[in-house]
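The primary structure of each chain is shown beneath.
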Amino acid sequence: MIIVTGSVTARPDSFDALRQVSLDHVHRSRTEDGCISHSVQADCENPLRLFFYERWRDMAALKAHFVQPGSAEFIGAVRKLAASSESVSLYEASEIPAGDPA
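Report follows, based on the coordinates. Because the structure is predicted, anything quoted here is derived from the model rather than measured.

## Overview of the nonpolar core
Core analysis: the largest hydrophobic core is formed by 12 residues, namely V8, A10, F15, L18, V26, V40, L50, F52, F74, V78, L81 and A82. Setting aside anything within four residues of it in sequence, one finds F52 in contact with V4, T5, G6, S7, V8, S22, V26, S39, V40 and F74. Grouped together as the second largest cluster of nonpolar side chains are 6 residues, I2, W56, A61 and L62 included.

Given below as structure tokens:
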């Protein structure tokens, strides 16, 4: 499984628009093959910051996601609406069953 994290910080005048395009991106991404979960949350410490958390079946699914036209449109909207964006981080992980304290 591939875990993706990232965040963007809106300008005060663009937060609502950035939140909406982020939600649209999340909802579209959830329909893609290989998407286990995809979410966006508001940061409790910085009300203009949105944090993304995604889980993908494998790198092939994530690469397919990145080349979707909707992903490119989302990146374009972020560039217009965000004051800043932090780099995206990728992690490879495997699930540990809840009963296994490993």
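Right, picking up where we left off after that structure.
## Some details on the environment of I2
Here I2 lies in strand β1 (residues 2–10). Given the relative accessible area of 6%, I2 is considered buried. Between the C-alpha atom of I2 and that of E54, which follows or precedes it by 52 residues, the distance is 8.1 Å. Look past the residues within four positions of I2 in its chain and what remains in contact with it is E54, R55, W56, D58, M59, L62, Y91 and E92.

## Details of a nonpolar patch on the surface
A cluster of nonpolar residues, M59, F66, V67, V88 and L90, forms a patch on the protein surface that exposes about 470 Å² of accessible area. Structurally, the position occupied by M59 is in helix α2 (residues 59–66).

## A short note on the packing of helix α1 (residues 15–29) against helix α3 (residues 69–81)
At a minimum axis separation of 10 Å, α1 and α3 run at an interaxial angle of 165°. By the angle class used here, α1 and α3 are roughly antiparallel. In this structure, the crossing between α1 and α3 has a hand that is left-handed. Judged by residue contacts, A17, L18, V21, S22, H25 and R28 of α1 engage G70, S71, F74, A77, V78 and L81 from α3.

## Describing the side chain of T5
Examined against the element boundaries, T5 turns out to sit in strand β1. Non-local contacts of T5, meaning those with residues more than four positions away in its chain, are made with F51, F52, Y53, S87, V88, S89 and Y91.

## Considerations on the pattern of salt bridges
Taken as a whole and judged by the stated rule, the model has 6 salt bridges. Across the salt bridge formed by D13 and R11, the nearest N and O atoms sit 3.2 Å from each other. Across the salt bridge formed by R49 and E86, the nearest N and O atoms sit 3.9 Å from each other. Here R49 is found in strand β3 (residues 49–56), whereas its partner E86 is found in the loop between β4 (82–85) and β5 (89–92), with 37 residues between them in sequence. Relative accessible area serves as the criterion here: at 24%, R49 is assigned to the partly exposed category. We classify E86 as partly exposed; its relative accessible area is 35%.

## Describing the environment of A64
Mapped onto the elements, A64 comes out in helix α2. In sequence terms A64 and I2 are 62 residues apart; their C-alpha atoms lie 13 Å from each other.

The rules behind these values
- Every chain begins its residue count from 1, and numbering advances along the sequence as written.
- Reporting in this predicted model follows two pLDDT cut-offs: at least 70 for local features of residues, and 80 or more for side-chain atom pairs to be given and counted; totals over whole chains, interfaces and linings ignore these cut-offs and use all residues.
- Values shown for side chains rest on all heavy atoms present in the structure; no hydrogens or waters enter the calculation.
- Among buried residues, those of type Ala, Val, Leu, Ile, Met, Phe, Trp, Tyr and Cys that are joined through side-chain atoms within 4.5 Å constitute a nonpolar core.
- We call a residue buried when its accessible area falls under 20% of the maximum for its residue type, exposed when it is over 50%, and partly exposed in between, using a 1.4 Å probe and counting protein chains only.
- By the convention used here, residues are in contact when the closest approach between their heavy atoms is within 4.5 Å.
- The way it works is that DSSP assigns letters per residue, a run of H or I at least four long becomes a helix, a run of E at least two long becomes a strand, and they are numbered from the N terminus.
- Put simply, a patch holds well-exposed residues, over 30% relative accessible area, that have no salt bridge, with like charges counted together within 9 Å and Val, Leu, Ile, Met, Phe, Trp or Tyr side chains within 5 Å.
- Accessibility throughout is a Shrake-Rupley quantity obtained with a 1.4 Å probe, and a residue counts as covered only by protein chains that appear here.
- For this analysis, a salt bridge means a side-chain nitrogen from Lys or Arg found within 4 Å of a carboxyl oxygen belonging to Asp or Glu.
- Fitted lines through C-alpha atoms serve as axes, helices being fitted only where they are in contact, and the angles separating the N-to-C directions of these axes extend from 0 to 180 degrees.
- Oblique is the label for every angle not falling under 35 degrees (roughly parallel), over 145 degrees (roughly antiparallel), or within 65 to 115 degrees (roughly perpendicular).
- Crossings are classed by handedness, with left-handed meaning an anticlockwise turn of the near helix from the far one by less than a right angle and right-handed meaning a clockwise turn.

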